[in-house]
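Now for the letters of each chain:
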Protein chains: 2
Amino acid sequence: MQRTLTNQVIGKIGQEVRLAGWVVTTRDHGKIKFFDLKDRSGIVQVVTASNIHLSQQDVVEVTGEVKKRPAGSENKQISSGEIEIAASVVKILAKATELPFDMGGPELNLELPTLLDWRALSLRHSQIAPIFKVQEAVIDEFRVSLQKKDFTEFQAPVIIPQTAEGGAEVFAVDYFGHKAFLSQSPQFYKQILVGVYERVFAVNKTLRAEPSVTTRHLTEVTTLDAEFGFIDSWEELMEMAEYLIKSIFSRVEKDCADILKLYNVTVPQIAKNIPRVKLREAQEIIFKRTGRDARNEPDLSPEDEREICRWSSDVHQSDLVFVSHYPLSKRPFYTFEDPDDPGYTLSFDLIGRGVEWLTGGQRVNNLAELEERAKGRGVDIAKSELYLQAFRFGMPPEGGFSFGSERITQGILNLANIREASLFPRDMERVDVRLKKV
Amino acid sequence: MQRTLTNQVIGKIGQEVRLAGWVVTTRDHGKIKFFDLKDRSGIVQVVTASNIHLSQQDVVEVTGEVKKRPAGSENKQISSGEIEIAASVVKILAKATELPFDMGGPELNLELPTLLDWRALSLRHSQIAPIFKVQEAVIDEFRVSLQKKDFTEFQAPVIIPQTAEGGAEVFAVDYFGHKAFLSQSPQFYKQILVGVYERVFAVNKTLRAEPSVTTRHLTEVTTLDAEFGFIDSWEELMEMAEYLIKSIFSRVEKDCADILKLYNVTVPQIAKNIPRVKLREAQEIIFKRTGRDARNEPDLSPEDEREICRWSSDVHQSDLVFVSHYPLSKRPFYTFEDPDDPGYTLSFDLIGRGVEWLTGGQRVNNLAELEERAKGRGVDIAKSELYLQAFRFGMPPEGGFSFGSERITQGILNLANIREASLFPRDMERVDVRLKKV
């Protein structure tokens with residue numbers, strides 16, 4: 001008999017079905033036993049008179065008849081709550097050993113380190129598994145939305161010959177006796193490919209040797225990068241980012257409505273458009289609202305990021321805000337300087353619910369200027385041969401941006417810690433297991 | 001004026017347009033000059049009376065009128081061949097320096113190392129850029145086809161705490177003073193996630209310290225991995241792989257018809273179904289056809305792979321063939337043994353046009369057996385804690401497979417060297433630049 005998914009049984013009252021999945025909870029009523037069976041589509045109650053011993057997470061196959069539950073015993077919490085399976089056969093496909101904690105309840109009230117120590121188990125919980133359905137939707141919508149705008153998807157390398165931006169915090173690899181590095185960003189490659197396809201995007205694994213343990217940083221993240229040429233204005237970059245983020249929110253609202261409900265959240269609000277302010281304007285606003293004077297700082301502090309979002313929400317009914325015109329010194333050497341505002345760049349961050357979600361900007365596309373800017377910052381650009389070639393052989397005015405998929409997932413679901421938005425989070429203390437144990 | 005793409009000009013005869021792109025070829029006829037302008041959508045001829053000096057790969061913006069070409073001067077090779085742009089203004093957005101080779105012809109007859117030394121330029125060539133449109137279609141169709149089958153996409157980590165399969169050829173990373181590794185495969189993670197989502201897939205960067213320089217190996221590849229649980233038979237795995245490869249061929253035929261024509265190829269033929277033979281049957285067939293006796297070998301040699309494909313093509317009109325039942329010793333420790341054929345595994349390779357495209361099989365899902373099999377192979381599985389958890393807490397019968405996106409792209413376009421199917425190929429001698437130069 002063909003397997004039936006649990007979300008397909010409702011219409012089959014009176015029919016014999018074969019189900020398979022995991023035992024989530026068991027209730028022993030003496031001669032008969034009840035258990036909830038979970039598969040990828042949902043959950044259903046099974047009742048059996050067999051004296052088989054079942055525990056949470058056992059993998060079972062059930063053959064039985066779909067029956068209407070006795071009046072008064074329906075469960076309105078689940079979509080199959082009006083029926084149950086009267087099992088004639090329950091077969092254990094794989095027996096689970098004793099669990100370190102109860103997996104049957106609606107919540108897992110455990111510390112995050114414990115959840116991560118038991119990641120292969122805790123991911124199965126009904127509160128945790130859905131997080132990565134949201135992340136899946138975010139990433140897929142990013143791709144689908146850019147395909148509609150004529151972008152070409154590419155695969156960026158992980159191993160790179162030089163540190164792209166001259167920064168620290170890069171992992172080194174022994175590459176056949178040579179020193180190579182792990183990519184912190186596909187920046188140089190996406191710019192090279194603007195020279196080939198004009199409009200490109202990539203979903204990347206980027207690696208950064210973050211030496212601090214915070215709730216906002218990981219050593220390995222999935223970034224969503226886009227870059228495109230022949231822009232007439234740097235504002236087109238923000239328009240494209242706004243189009244994307246709105247598309248992503250719509251997709252999550254549509255595909256993940258149940259999950260938003262489970263987390264008791266809505267997608268961030270954008271009344272009409274995402275407001276755009278220069279860094280100095282943002283600092284002025286923060287000063288006026290809070291009295292905290294950060295008007296001489298070259299960047300926003302985490303507290304500033306939260307405050308400018310509160311302002312945006314209060315005044316513009318937008319939980320997101322673009323902050324632009326960071327000073328030259330705070331942006332990578334390839335960032336375009338605003339000819340109308342010397343010393344400041346045509347760059348921007350998108351701050352969402354108090355945290356940076358995206359960073360982007362127009363790039364220097366003139367070879368001589370690029371070389372001079374690199375030199376001024378002590379970046380040995382001569383080593384990045386392919387990157388230089390792209391500019392030597394004609395590069396249009398262009399720019400782009402990079403999202404962090406974990407930051408967006410965290411932001412949408414209001415998760416306290418970015419580790420919750422990574423399937424297998426890596427930081428300086430953990431790579432699957434705690435490093436001291438290795 | 002809004003920019004018009006070159007593939008939109010045909011219907012605009014008599015209208016003024018603004019175009020932007022790269023100069024591909026120039027022809028100086030004294031008082032007037034012709035040049036071909038390329039953008040992401042195509043190519044169009046521009047004629048100008050200006051005395052501007054233009055060279056290949058200059059980035060220009062052209063304003064002018066769309067005109068029908070004089071009778072007899074049409075170019076049937078390009079879709080815009082009946083018209084040209086009579087430019088009133090030609091503005092250089094970025095000047096290209098002198099090219100190391102001519103980029104204006106239909107072919108680039110250069111050695112591969114030279115093409116790779118100038119990768120940022122050579123990728124722009126009309127013969128090379130389309131290769132990665134095929135790869136893009138292959139990867140996208142893999143995802144879309146599995147979404148239709150209820151698979152969940154996940155992001156697999158690059159940095160791993162242990163070498164997954166106990167093999168050599170793994171890159172090591174200094175991870176805050178600890179030793180970590182680069183993932184050679186998302187195998188353990190996709191199996192863990194079968195315990196969560198039943199059916200999963202991922203597009204991965206996988207890294208392998210290939211110590212040999214061949215036309216078939218790279219150190220960094222993009223693999224397409226799928227894994228799913230609750231299989232009733234290992235043959236469902238081959239069915240899913242066959243569904244995918246057929247979907248990919250249809251997509252490439254539909255989206256990349258021009259490119260197949262340019263490369264003078266068709267997608268590989270599959271008359272009806274992909275034939276399936278056991279390794280020993282394949283060796284028997286090869287012996288009968290060629291007299292070469294490899295019947296005691298535990299694997300197919302490259303020459304064997306070519307011959308069994310020739311057989312498949314001759315006898316079954318299929319350019320692909322599944323070879324199954326490799327001996328236990330030649331497959332990873334987690335491979336399921338065939339209870340009806342002891343010593344041999346329920347594993348398979350898909351050989352396409354003489355090269356392995358995919359490898360897969362059913363996995364051991366019983367914890368005790370898995371531990372015993374690992375021990376017998378000297379794999380210290382105890383270190384892979386999360387992987388063990390997945391089996392400790394109930395894992396259904398399951399299996400999966402992994403494609404190499406470069407191998408498929410190479411196979412479809414009949415490219416001589418796998419490096420041609422990687423945007424930025426890495427091997428022991430090159431990471432963008434030749435390593436001896438670093």
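These numbers come from a predicted model, not from an experiment.

Rules used throughout
Residues numbered from 1 in each chain as written. Chains lettered and ligands numbered in written order. Predicted model: local features only at pLDDT ≥ 70, side-chain atom pairs only at ≥ 80, totals over all residues. Axes fitted to C-alpha atoms, helices over the stretch in contact; angles between N-to-C directions. Helix = DSSP H or I, 4+ residues; strand = E, 2+ residues; numbered from the N terminus. Parallel < 35°, antiparallel > 145°, perpendicular 65-115°, else oblique. Contact = placed C-beta atoms within 7 Å. Nonpolar A, V, L, I, M, F, W, Y, C, P; charged D, E, K, R; others polar. Buried ≥ 20, exposed ≤ 12 C-beta atoms within 10 Å, placed from the backbone. Least-squares fit on C-alpha atoms with pLDDT ≥ 70 in both. Domains from an automatic or database assignment. Pairing = 2+ DSSP bridges.

## Structural notes on the packing of helix H7 (residues 279-290) of chain A against helix H8 (residues 302-316) of chain A
All names here are of chain A. The interhelical angle for the contact between H7 and H8, taken along N-to-C directions, is 85°, at an axis separation of 10 Å. When the axes of H7 and H8 are compared, the pair comes out roughly perpendicular. Side by side, H7 and H8 meet where Ala282, Ile285, Ile286, Arg289 and Thr290 of the first sit next to Asp304, Glu307, Ile308 and Trp311 of the second. Tallied by class, residues from the contact of H7 with H8 come to five nonpolar, one polar and three charged.

## A short note on helix H10 (residues 385-392) of chain B
Most of H10(B) sits out of view: six of its eight residues are buried. Those residues of H10(B) hidden inside the fold are in contact with helix H2 (119-122) of chain A together with helix H4 (187-197) and helix H9 (367-376) of chain B. Backbone geometry just downstream of H10(B) places Gly394(B) in the positive-phi region, at approximately 90°.

## With respect to unusual backbone geometry
Residues and elements named next belong to chain A. The backbone phi angle of Asp150 is positive, close to 75°, even though this residue is not glycine. Inspection of the secondary structure puts Asp150 in the loop between helix H3 (131-148) and strand S6 (152-153). With 13 C-beta atoms counted inside 10 Å, the residue Asp150 sits in the partly exposed group.

## A closer look at the relation of the copies chain A and chain B
At an RMSD of 0.0 Å, chain A and chain B line up after a rotation of 180° and a shift of 0.0 Å along the axis. Both chain copies can therefore be described as sitting about a two-fold axis. Minimal C-alpha distance to the rotation axis in chain A is attained by Val173(A), lying at 2.5 Å. Taken as a fraction of all interface residues of chain A, those also at the interface in chain B reach 99%, which identifies the copy contact as same-surface.

## Quick look at the domain arrangement of chain A
In many analyses, interface size is given as the accessible surface area lost on bringing the parts together. On domain assignment, one finds that chain A holds domain 1 (6-94) and domain 2 (131-437). The straight-line distance from the C-alpha centre of domain 1 of chain A to that of domain 2 of chain A is 46 Å.

## A word on the sheet that holds strand S15 (residues 355-362) of chain B
Residue and element names in this part refer to chain B. Spatially, eight strands are ordered S6-S10-S11-S16-S15-S14-S13-S12 in an open sheet, and the strand pairing comes out mixed. Looking along the sheet, the strands with just one partner apiece sit at the ends: strand S6 (152-153) and strand S12 (276-278). Two elements, strand S14 (residues 347-352) and S15, share six bridges in a ladder whose sense is antiparallel. Residue pairing across strands places Ser347 opposite Gly361, the latter belonging to S15.

## Notes on the sheet that holds strand S5 (residues 83-94) of chain A
Residues and elements named next belong to chain A. Taken in spatial order, the five strands line up as S1-S2-S3-S5-S4 and close into a barrel, and their pairing is mixed. Strand after strand, the sheet turns through a mean of 55° between neighbouring axes, direction not considered. Both strand S3 (residues 42-48) and S5 contribute to a ladder of two bridges, which runs parallel. Looking at S5, one finds that Val46 is bridged to Ile85.

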